[in-house]
Amino acid sequence: MTDRPATARRPVHAAPRRGARRAPGRPTAAPERRYALIKWALLVALLAYAVLVVGANSARDVDFAEIQRAMATSPGVGNLNALDENGFQERMDASPEGCEGWLMYGSDEIMDVSELMIAKGDEATLDRLEDAVQGRLEAQLAVFRSYGVNQKDLLEGATVLRRGDYLFYAVGEAADQWADAFLACIR
Amino acid sequence: MVFSSLHFLYIFLPLVMLAHLIAPRRWRNGILLAASLWFYAWGEPVYLGLMLFSVAWNYVTGLQLNAAVRPSRRRATLVGAVAVNLAVLGFFKYYGFLVATLNGLFGLRLPDYRLPLPIGISFYTFQALSYVIDVYRGQTPPQRSLVDFATYITMFPQLVAGPIVKYADIREQLHRRSASLAQIGQGLERVILGLSKKVLLANNLGLLADAMRSAPKLSVLSAWLGAAAYALQIYFDFSGYSDMAIGMGRMLGFTFAENFDHPYRARSVTEFWRRWHISLSGWFRDYVYIPLGGNRVGPGRHILNLLIVWLLTGLWHGASWNFALWGLYYAALLIVEKYLTGRVLGKLPAGAARFCTLLLVTVGWVIFSNTDFGAMGRYLGCLAGIGADGFADAAFLYALRSNILLMAFAALCCGPGLRKWQIRLTGRWPALALVLFAALLIACTAYLVHGSYNPFLYFRF
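Residues numbered from 1 in each chain as written. Chains lettered and ligands numbered in written order. Predicted model: local features only at pLDDT ≥ 70, side-chain atom pairs only at ≥ 80, totals over all residues. Heavy atoms only, no water.

Turning our attention to the overall build of chain B. Across its full length, chain B holds 19 helices and zero strands. In terms of overall size, chain B behaves like a compact globule, its C-alpha atoms giving a radius of gyration of 23 Å where 461 residues would be expected to give roughly 23 Å. By the burial criterion, 54% of the 461 residues in chain B qualify as buried. The long-range fraction of contacts in chain B, counting pairs at least 24 apart against all pairs at least 6 apart in sequence, stands at 77%. By element, 68% of the accessible surface of chain B is carried by carbon and sulfur atoms, the whole surface being about 19,300 Å². Across chain B, the mean location of the 40 positive side-chain charges is 7 Å away from that of the 18 negative side-chain charges. (Helix = DSSP H or I, 4+ residues; strand = E, 2+ residues; numbered from the N terminus. Rg over C-alpha atoms; globule rule 2.2 N^0.38 Å. Buried < 20%, exposed > 50% of the residue type's maximum accessible area, 1.4 Å probe, protein only. Contact = heavy atoms within 4.5 Å. Areas by Shrake-Rupley, 256 points an atom, 1.4 Å probe, with all protein chains shown as cover. Lys, Arg positive; Asp, Glu negative; His and termini not counted. Charge placed at Lys NZ, Arg CZ, Asp CG, Glu CD.)

Take a look at the structure:
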């Protein structure tokens with residue numbers, strides 16, 4: 001970091017000198033007050049906006065068993081297999097280690113790309129799993145891009161959500177319904 | 001929407017350029033504004049509100065500063081405006097980081113909302129700050145047209161990854177600009193060049209860097225190869241985006257300042273930062289470093305100024321302690337250069353000085369790229385031979401053999417020689433330019449159609 005050579009830049013719009021007589025047409029205090037009022041209104045709008053954004057992104061801390069129950073009864077999930085830790089590792093190329101709770105469903109059919117994964121954990125764990133989800137999607141897309149039109153569309157429409165301590169990932173015809181069921185649990 | 005996507009390249013950009021070209025002059029800013037909002041809303045519809053707040057807040061602040069009569073009112077208006085801008089940036093970018101740190105340090109249970117980062121917030125906030133500070137200083141008059149001001153803040157070519165354009169630099173161009181066919185051609189050439197840097201070089205170098213970083217065991221040379229690949233990746237990724245921004249700006253009739261000047265040819269760390277992300281360094285120099293006293297103060301205060309500026313520069317890059325450490329690493333290097341080794345470095349042969357600088361910068365990228373301090377420590381250890389799996393292994397030889405041409409070509413592209421040679425050649429045979437850039441565009445398109453690895457390192461900023 002070096003200093004710029006000192007240049008005498010003449011202000012193109014210098015502030016008025018203290019005590020200077022106001023020339024005709026110079027600004028008065030009235031517009032200043034009007035601008036201040038507009039800014040207060042903007043701040044109130046910002047506050048409301050921030051509350052909305054925070055509300056939309058936060059999640060209730062619920063027992064993971066509750067989420068498991070809700071997802072197990074969601075449409076289409078019954079056609080998938082609940083995966084154990086090895087199955088998770090095999091598909092996601094990542095371990096669920098560090099999660100407070102997790103679930104993963106997948107299909108045994110080679111041409112069925114349907115998958116559902118929900119994990120609850122700290123930020124570092126969720127960051128790691130989110131990277132794994134991206135990796136999984138890229139790998140699946142690479143497999144199906146050339147010949148699996150439906151599979152490719154489903155993979156491109158994958159739902160990945162991060163809410164509070166939760167990460168949600170779903171691919172499948174019913175992914176939107178699964179997402180709704182998950183969001184209903186944590187709101 | 002990212003620049004290196006087929007949707008952007010073949011639908012959004014041509015439509016916007018065409019509309020901008022054929023529209024009457026007085027509609028151009030409106031078209032550009034609408035396109036920029038469309039661009040932003042494509043990926044971040046929720047955060048469009050935040051950007052519109054920034055536009056409205058800073059627009060009104062400019063008018064309020066102009067209307068304020070008493071200096072104390074002007075100062076209060078400025079302080080309030082800067083505070084709100086920084087509060088917005090702080091809440092949406094740093095809140096989670098701050099809360100996690102406080103909870104971790106003191107065992108508190110403060111609520112952590114973990115908001116997704118609004119894309120480009122650091123860039124447009126810094127542009128807005130430069131505007132209100134310049135209006136306060138009297139260096140530029142306030143913008144009275146809301147559309148023109150909103151166009152400046154939201155302009156899509158530099159919204160996501162800079163360069164940070166100061167309002168004073170494009171004030172005239174917002175009112176009066178024209179783009180001849182020759183300028184549009186030059187701009188398109190620059191866009192394709194930037195796209196090629198990003199898609200053909202950065203993405204492939206990224207595969208190598210990731211492979212090395214995720215390897216369970218690393219030899220010393222593998223670690224250096226991975227670090228070198230990352231150093232090249234981040235340069236071509238970021239400078240590629242800057243090239244595209246500058247090129248699109250030129251196609252729209254704007255002239256944005258250069259953001260990179262062959263940084264890996266720097267002969268000192270000081271010089272590196274004059275060549276890397278020039279618009280950010282310039283921003284911190286003009287609005288933080290010089291107001292703090294710059295180097296026209298005693299050594300103690302100067303060192304403190306450098307520490308403050310570089311801590312902020314580090315944190316600007318991301319809400320994580322590794323970025324703070326990365327900033328302080330550069331502060332330490334600059335202090336050592338200024339007070340201890342500067343003269344010695346000046347006497348070194350250019351090649352040796354460049355090599356030393358490159359080593360220090362490469363080590364810096366290891367700090368930058370590892371948010372996990374454990375992983376960072378292990379990688380830095382491997383670079384130094386501590387905990388490494390030997391000096392060289394089969395994995396290193398395989399990676400080197402597979403990537404040596406890519407690395408060598410990328411290294412060649414870091415200097416000005418290849419580009420000068422291309423300009424000379426295409427100047428002599430203009431048809432060659434058409435062939436060359438068409439071939440590059442086709443290659444990039446093919447890569448984007450078939451490749452899925454297309455990350456963007458600077459998105460988090």
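Now, onward.
Our focus in this paragraph is the overall build of chain A. Along chain A, the regular secondary structure elements total six helices and five strands. Here chain A, with 187 residues, has 42% of them falling under the buried criterion. Considering only residue pairs separated by 6 or more positions, chain A has 58% of its internal contacts joining residues 24 or more positions apart. Entry remark: accessible area of chain A is about 10,800 Å², with carbon and sulfur atoms responsible for 52%.

Glancing now at the packing of helix H3 (residues 85-92) of chain A against helix H4 (residues 123-144) of chain A. Residue and element names in this part refer to chain A. Relative to each other, H3 and H4 sit at 60°, their axes nearing to 9 Å. One finds that H3 runs oblique with respect to H4. Contact residues: Phe88, Arg91 and Met92 in H3; Leu129, Ala132, Val133 and Arg136 in H4. Taken together, the residues of the contact of H3 with H4 break down into five nonpolar, no polar and two charged. (Axes fitted to C-alpha atoms, helices over the stretch in contact; angles between N-to-C directions. Parallel < 35°, antiparallel > 145°, perpendicular 65-115°, else oblique. Nonpolar A, V, L, I, M, F, W, Y, C, P; charged D, E, K, R; others polar.)

All right, on to the sheet that holds strand S1 (residues 81-82) of chain A then. Residue and element names in this part refer to chain A. An order of S1-S2-S3-S5-S4 is seen for the five strands of this open sheet, with the pairing classed as antiparallel. Here the strands that pair on one side only, and so sit at the sheet edges, are S1 and strand S4 (159-163). Relative to strand S2 (residues 101-106), S1 runs antiparallel, the two sharing two bridges. Paired with Asn81 across the strands is Gly106, a residue of S2. Along the sheet face, H3 touches S2, strand S3 (115-120) and strand S5 (166-171) and points at about 70° away from the line of S2. On the sheet, H4 packs against S3, S4 and S5 and is oriented at approximately 15° with respect to S5. (Pairing = 2+ DSSP bridges.)

Attention now goes to the packing of helix H18 (residues 417-428) of chain B against helix H19 (residues 430-450) of chain B. Residues and elements named next belong to chain B. Their axes nearest at 5 Å, the elements H18 and H19 cross at an angle of 125°. One element, H18, and the other, H19, form an angle in the oblique class. Contacts between H18 and H19 involve Arg419, Gln422, Leu425, Thr426, Gly427 and Arg428 from the former and Pro430, Leu432, Ala433, Leu436 and Phe437 from the latter. Of the residues in the contact of H18 with H19, the class split is six nonpolar, three polar and two charged.

All names here are of chain B. In terms of domains, chain B is made up of domain 1 (6-177) and domain 2 (183-267 + 348-460). Domain 1 and domain 2 are separated by 29 Å when their C-alpha centres are compared. Counting residues at the interface gives 25 residues for domain 1, matched by 25 residues for domain 2. When domain 1 packs against domain 2, close to 2,100 Å² is buried across both sides, 80% of that on carbon and sulfur atoms. Across the contact surface, domain 1 and domain 2 share zero salt bridges. In this assembly, domain 1 and domain 2 are joined by three residue pairs in polar contact (both at pLDDT 80 or more). When contributions to the side of domain 1 that touches domain 2 are tallied by element, the ones reaching two or more residues are helix H1 (6-22), helix H7 (156-159) and helix H8 (167-175). (Domains from an automatic or database assignment. Buried area = accessible area lost by both parts, 1.4 Å probe. Salt bridge = Lys/Arg side-chain N within 4 Å of Asp/Glu carboxyl O. Polar contact = N/O pair within 3.5 Å; in protein donor to acceptor, adjacent residues only side chain to side chain.)

This part covers the domain arrangement of chain A. Domain assignment breaks chain A into domain 1 (29-58) and domain 2 (64-186). For domain 1 of chain A and domain 2 of chain A, the distance between their C-alpha centres works out to 39 Å.

Attention now goes to the confidence of the model for chain A. Residues and elements named next belong to chain A. Averaged over chain A, the pLDDT score is 81; the fraction of residues at 70 or greater is 84%. Looking across chain A, the model is least confident in H4, with a mean pLDDT of 86, and most confident in S3, with 93. Between residues 14-23, whose pLDDT stays under 50, and residues either more than four places distant or in other chains, the model counts 10 contacts. (pLDDT = per-residue confidence, 0-100.)

The next subject is the confidence of the model for chain B. Here chain B shows a mean pLDDT of 89. Residues at 70 or above account for 97%. Listed scores for the predicted complex are pTM 0.81 and ipTM 0.81.

Our next topic: the pattern of salt bridges. All told, the structure shown has 18 salt bridges over all chains when counted by the stated rule. Between Lys120 of chain A and Glu100 of chain A there is a salt bridge whose closest N-O contact spans 3.6 Å. Taken together, the residues Lys120 of chain A in strand S3 and Glu100 of chain A in the loop between H3 and S2 connect sequence positions 20 residues apart. For Glu100 of chain A, a relative accessible area of 62% translates into the label exposed. With its nearest N and O atoms 2.7 Å apart, the salt bridge here joins Glu258 of chain B to Arg190 of chain B. Note that Glu258 of chain B is positioned in the loop between helix H10 (220-251) and helix H11 (269-275) and Arg190 of chain B in helix H9 (residues 181-213), a separation of 68 residues in sequence.

With that out of the way, let us pick up the pairing of S2 of chain A. Residues and elements named next belong to chain A. Of all six residues in S2, five are buried, a share of seventy percent or more. Note that S2 and S3 share six bridges and pair antiparallel. Bridge pairing in S3 links Trp102 to Ala119.

Here the structure, examined in full by the defined rule, presents 51 aromatic pairs over all chains. Directly above the aromatic system of Trp57 of chain B lies the positively charged group of Lys39 of chain A, at a separation of 4.4 Å from the ring centroid. (Phe/Tyr/Trp six-rings, centres within 6.5 Å; stacked < 30°, edge-to-face > 60°. Lys NZ or Arg CZ within 6 Å of the ring centre and 35° of its normal.)

What follows covers the side chain of Thr313 of chain B. Relative to the helices and strands, Thr313 of chain B is located in helix H13 (residues 299-316). Excluding residues within four positions of it along the chain, Thr313 of chain B makes contact with Leu280 and Phe284 of chain B.

Attention shifts here to the nonpolar core. Counting 144 residues, the largest nonpolar core has Phe156 and Trp365 of chain B as the members making the most contacts within it. Setting aside chain neighbours within four positions, we find Phe156 of chain B in contact with Phe3, Phe8, Phe12, Leu13, Val16, Leu32, Ala35, Ser36, Phe39, Met248 and Leu252 of chain B. By size, the runner-up hydrophobic cluster in this structure holds 23 residues, among which are Met71, Ile118, Phe182 and Leu183 of chain A. (Core = buried A, V, L, I, M, F, W, Y, C linked by side-chain atoms within 4.5 Å.)

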